[in-house]
Amino acid sequence: MAEPPVLWQDLRRHTMARVALGRAGNGVPTAAHLAFQAAHAAARDAVHAPLDVQALQDELAAAGFDSRTVHSAATDRRTYLLRPDLGRKLATGQAAILAPIPGCLAFVICDGLSAIAVQRHAASLLAHIRPLLAGWEIAPVVVATQGRVALGDEVGTAVQAKAVAVLIGERPGLSAADSLGVYLTWEPRPGRTDAERNCISNVRPEGLPPAAAAAKLAWLIGQMRILGMTGIGLKDEQGVALLR
Amino acid sequence: MFPDLRTLLARASPLRSGDQLAGIAAGSAAERAAAQYALADLPLAAILNQPPIPYENDEVTRLILDGHDPGSFAPVAAMTVGAFREFLLAAEPAALVALRPGLTPEMVAAVSKIMRLQDLIAVAAKCRVTTRFRNTIGLPGRLSVRLQPNHPVDDPRGVAASTLDGLLLGAGDAVIGVNPATDSVENTVLLLEMLDQVRSRYEIPTQTCVLAHVTTTLRCIERRAPVDLVFQSIGGTEAVNRSFGVSLALLAEAQDAAQSLKRGTVGQDVMYFETGQGSALSANAHHGVDQQTIEARAYAVARAFSPLLVNSVVGFIGPEYLYDGKQITRAGLEDHFCGKLLGLPMGVDVCYTNHAEADQDDMDGLLTLLGVAGVTYVMDVPGADDVMLSYQSTSFHDALYVRAALGLKPAPEFCAWLERMGIGDPAAGGRIPDGLSPALIGLG
């Protein structure tokens, strides 16, 4: 029989939390201190890093997606952080550059709070979902800077989409600065609430990998079309459905 | 110049991004200073007679005014806000206790707006509030700690590992309290049973809590799960409480249900509330009132239920409400002052998110200032990193630091337990004392 754990450091087996750090007086040892500072630095950099729009568009083109670029009404990152209302609106004149495709499915990629997440995982997710969307007309992908989730409602309205999926960089934590979130909204229009959307979060290779996220999103899109709704009326029972 | 009390309070508020977002902040530093002059000249009685949210429209206003005690108010009834500030700075502690039923949150918020940090600290340090369940919280010379062992998917072994880590560093006398990742009855019962097992196996004189919605906790009580405390997030207007899915009647029902279990050994204070500036604006439930005044009104809700614990989650809400370390620091000290003056066992979650302009240095500053101010308790997560809620709070080590720096100790019953278990003995090295064997709590 194995010895029961008696050493503090054995606790690390059970959680990714920062347990068993040791002590230097009442403080943490230098290595643990520096590891924390480095994780915070990565998160801070992720919040403030600008999206390389051209590189993302090149990736999308390589995956077979046409794309357009728009800007929210938040002019810079400081305004974006202080004025969430502006990040939910398109800047003046931006809606006019989006051509209507009535009844389409629209994808919007927003930098959100982590452009790094978008840069790393958005094109990959779209490449994986493309073969799973038979029967949908797909609008050109809209790449939006200084955007929040509800910006998708304005974009969806402009292109007359039946539904919009917003891919957005989530607020970085210390354990991951590159988590992508996906928000699906049926019949998008300004004023939709979060209760009317379905969300997939923590999309990244170490969390929910882009291929698995694409499968989940495709399942939600299929159910959405059957039920004619998103939000609290559309439960994520993909796993349950697979078991049946 | 200022059409009503609501506008005056907003314009007199020290700068913060949430009031700017709401469009109610002073337009210039000079306008703010003028508003502070005007506020200082306002009689406290005028604040009592002019609620910023009408009596007819809001059950929190009705709670405040119906519960106001003119007798307790009498000693300060003739004062202006400016004179009240000077009274507070000079008052003996006993006078502040006697005053509590005569104070409304709007009076307390108003005076805080013309106080510097040192004023907020000096007056709060004179306020003592003691509460009891399985131990005694808030005695002089004590600083308690909520052990917050969150886990991204509520894995009971992960929660247990973080709990043991905290206990080994002297944390957990305020409560061992988990924020569940999934707010379901099944999951909450599972966590409640696990935490109760840890507490009973190690014989810890403390209380446990799963911070689920009050309706979830009520169903757990029906299922005879081991519920020590009822947790709920609350705010300072009827509308924001509705957005949280609660009312005063529901909170009263939950308090009754938890007290009927009679699980406390030294007292029956069973309620645990969290609050935070900005929640009403975020729910579009602020009625044009500044976020700090609304926050103080949340404390009037809390004090109606004799809570064991109340804390502001000051830096959690994000930079659109409190932009940087400076705004978070001021708000944390305001919240602590207002809560204490109204008679609450006030703690603070000294914290920030990664999109706020703040870092560990700001938290060290606020933690130290709150320690000097006599804060009842702070949060502790392993290594200051909450891996479930993705924000940074204070750590087990931070509590050791502030207790040592200011000569503060945990609750007396918990202190005795730490000694009995041999916790904190440097000679033990990295070994876990026998009485805290991980095997006892399922960590084989």
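Structure's up top.
Here the residue numbers are simple positions, counted from 1 along each chain's written sequence. Chains and ligands are labelled sequentially in the order written, the chains with letters from A and the ligands with numbers from 1. Owing to the predicted nature of the model, reporting of local features is limited to residues with pLDDT of at least 70; listing and counting of side-chain atom pairs is limited to 80 or more, with chain, interface and lining totals taken over all residues. Each side-chain value is worked out from all heavy atoms of the structure, with water and hydrogens disregarded.

A. Highlighting the side chain of Arg-18 of chain A. Helix and strand definitions follow DSSP, with helices as H or I runs of at least four residues and strands as E runs of at least two, each counted in order from the N terminus. With respect to the element layout, Arg-18 of chain A can be found in the segment before α1 (30-48). Any residue under 20% of the maximum accessible area for its type is buried, any over 50% is exposed, and the rest in between are partly exposed; the area is computed with a 1.4 Å probe on protein chains only. With a relative accessible area of 19%, Arg-18 of chain A lands in the buried category. Whenever two N or O atoms come within 3.5 Å, that pair is a polar contact, provided that in protein one can donate a hydrogen and the other can accept it, and provided that, for residues adjacent in sequence, both atoms are side-chain atoms. At 2.7 Å, the side chain of Arg-18 of chain A forms a polar contact with the side chain of Asp-385 of chain B. Should any heavy atoms of two residues lie within 4.5 Å, those residues are considered in contact. Dropping the residues within four chain positions of it, Arg-18 of chain A is found in contact with Ala-35, Phe-36, Ala-39 and Leu-174 of chain A together with Asp-165, Pro-382, Gly-383 and Asp-385 of chain B.

B. Structural context of the interface of chain A and chain B. Contacts between chain A and chain B engage 38 residues on the former and 46 residues on the latter. By definition, the buried area sums, over both parts, the 1.4 Å-probe accessible area that each loses when the two are put together. Considering only the surface of chain A that becomes buried against chain B, Trp-8, His-14 and Arg-171 of chain A emerge as the three largest contributors, covering 20% of it. For this analysis, a salt bridge means a side-chain nitrogen from Lys or Arg found within 4 Å of a carboxyl oxygen belonging to Asp or Glu. The tally of links between chain A and chain B comes to 2 salt bridges. Run the count over chain A and chain B and you get 11 residue pairs in polar contact (both at pLDDT 80 or more). Taken together, the elements giving at least two residues each to the side of chain A that touches chain B come down to α1, α3 (77-82) and α4 (84-87) of chain A. Of all the elements, α1 of chain A adds the most residues to the side of chain A that touches chain B, at 7 residues. The nonpolar class holds Ala, Val, Leu, Ile, Met, Phe, Trp, Tyr, Cys and Pro. Asp, Glu, Lys and Arg form the charged class, and all remaining residues, Gly among them, are polar. A per-class count over the side of chain A that touches chain B returns 21 nonpolar, 9 polar and 8 charged.

C. Summary view of the nonpolar core. Of all hydrophobic cores here, the largest spans 144 residues; its most connected members are Tyr-272, Phe-337 and Trp-417 of chain B. Among the elements that make up this core, the one with the highest residue count is helix α12 (residues 185-202) of chain B (8 residues). If we skip the residues at most four places from it in the chain, Phe-337 of chain B touches Leu-88, Val-108, Val-111, Ser-112, Met-115, Leu-120, Val-123 and Ala-124 of chain B. For our purposes a nonpolar core is just a set of buried Ala, Val, Leu, Ile, Met, Phe, Trp, Tyr and Cys residues, chained together by side-chain atoms within 4.5 Å. Within the second largest apolar cluster, 37 residues are counted, among which are Leu-105, Phe-107, Ile-109 and Leu-217 of chain A.

D. View of a nonpolar patch on the surface. Residues Ile-226, Leu-227 and Met-229 of chain A make up a contiguous nonpolar surface patch of about 290 Å² in total accessible area. With respect to the helices and strands, the residue Met-229 of chain A is situated in the loop between α7 (210-227) and α8 (238-243). Each patch groups residues whose relative accessible area exceeds 30% and which form no salt bridge, using 9 Å between like charges and 5 Å between nonpolar side chains of Val, Leu, Ile, Met, Phe, Trp and Tyr. Residue-level accessible areas treat just the shown protein chains as cover; the underlying method is Shrake-Rupley with a 1.4 Å probe.

E. Representation of the packing of helix α18 (residues 325-341) of chain B against helix α19 (residues 360-372) of chain B within the structure. Residues and elements named next belong to chain B. The axes used here are C-alpha line fits, helices contributing only the stretch in contact, and every angle between their N-to-C directions lies in the interval 0 to 180 degrees. Put simply, α18 and α19 touch, their axes get as near as 10 Å, and they point 20° apart. Taken as axis vectors, α18 and α19 run roughly parallel relative to one another. Of the two possible hands of crossing, α18 and α19 adopt the one that is right-handed. Contacts between α18 and α19 involve Gly-325, Ile-328, Thr-329, Gly-332, Leu-333 and His-336 from the former and Asp-362, Met-363, Leu-366, Leu-369 and Leu-370 from the latter. Grouping the constituent residues of the contact of α18 with α19 by class yields 6 nonpolar, 4 polar and 1 charged. Orientation categories follow fixed angle ranges, with anything under 35 degrees roughly parallel, anything over 145 roughly antiparallel, 65 to 115 roughly perpendicular, and all other angles oblique. Whether a crossing is left-handed or right-handed is set by the direction in which the near helix is turned from the far one by less than a right angle, anticlockwise for left-handed and clockwise for right-handed.

F. Fine view of the pattern of salt bridges. Residue and element names in this part refer to chain B. This model, assessed by the stated rule, comprises 28 salt bridges over all chains. Here Arg-297 and Asp-58 are joined by a salt bridge, their closest N and O atoms 3.1 Å apart. Within this pair, whereas Arg-297 is found in helix α17 (residues 291-303), its partner Asp-58 is found in the loop between α4 (44-49) and α5 (59-66), the two being separated by 239 residues in sequence. The network of salt bridges with shared partners includes Arg-134, Asp-196, Arg-199, Asp-228 and Arg-263.

G. Here's a closer look at helix α1 (residues 5-12) of chain B. All names here are of chain B. Within α1, 6 of the 8 residues are buried, leaving the element largely enclosed by the surrounding structure. Where α1 is concerned, the buried positions are Leu-5, Thr-7, Leu-8, Leu-9, Ala-10 and Ala-12. Packing partners of the buried residues in α1 comprise α3 (29-40), α4, α9 (105-112) and α17.

H. Structural context of the pairing of strand β4 (residues 163-169) of chain A. Residue and element names in this part refer to chain A. Of all 7 residues in β4, 7 are buried; the element is thus mostly enclosed. Of the two faces of β4, the one holding Ala-163, Ala-165, Leu-167 and Gly-169 and the one holding Val-164, Val-166 and Ile-168 are both buried throughout. Being paired, for any two strands, means DSSP has found at least two bridges between them. Sheet analysis places β4 next to strand β5 (residues 180-186), joined by 7 bridges and oriented antiparallel. Bridging from a neighbouring strand, Ala-165 pairs with Leu-184 of β5.

I. Expanded view of the side chain of Glu-295 of chain B. Residue and element names in this part refer to chain B. Here Glu-295 lies in helix α17. Counted as positive: Lys and Arg. Counted as negative: Asp and Glu. His and the chain ends are not counted at all. One buried charge, Glu-295, has no salt-bridge partner; the nearest side chain with opposite charge is Arg-16, at 9.5 Å. Here Glu-295 is in contact with Thr-275, Gly-276, Gln-277, Ser-312 and Asp-335, once residues within four sequence places are set aside.

J. The arrangement of the environment of Val-270 of chain B in detail. Residues and elements named next belong to chain B. Inspection of the secondary structure puts Val-270 in the loop between α15 (248-260) and β7 (271-275). For the pair Val-270 and Ile-64, spaced 206 residues apart in sequence, the C-alpha to C-alpha distance is 22 Å. Setting aside its immediate chain neighbours within four residues, Val-270 contacts Phe-133, Asp-228, Leu-229, Val-230, Gln-255, Ala-258, Gln-259 and Ser-306.

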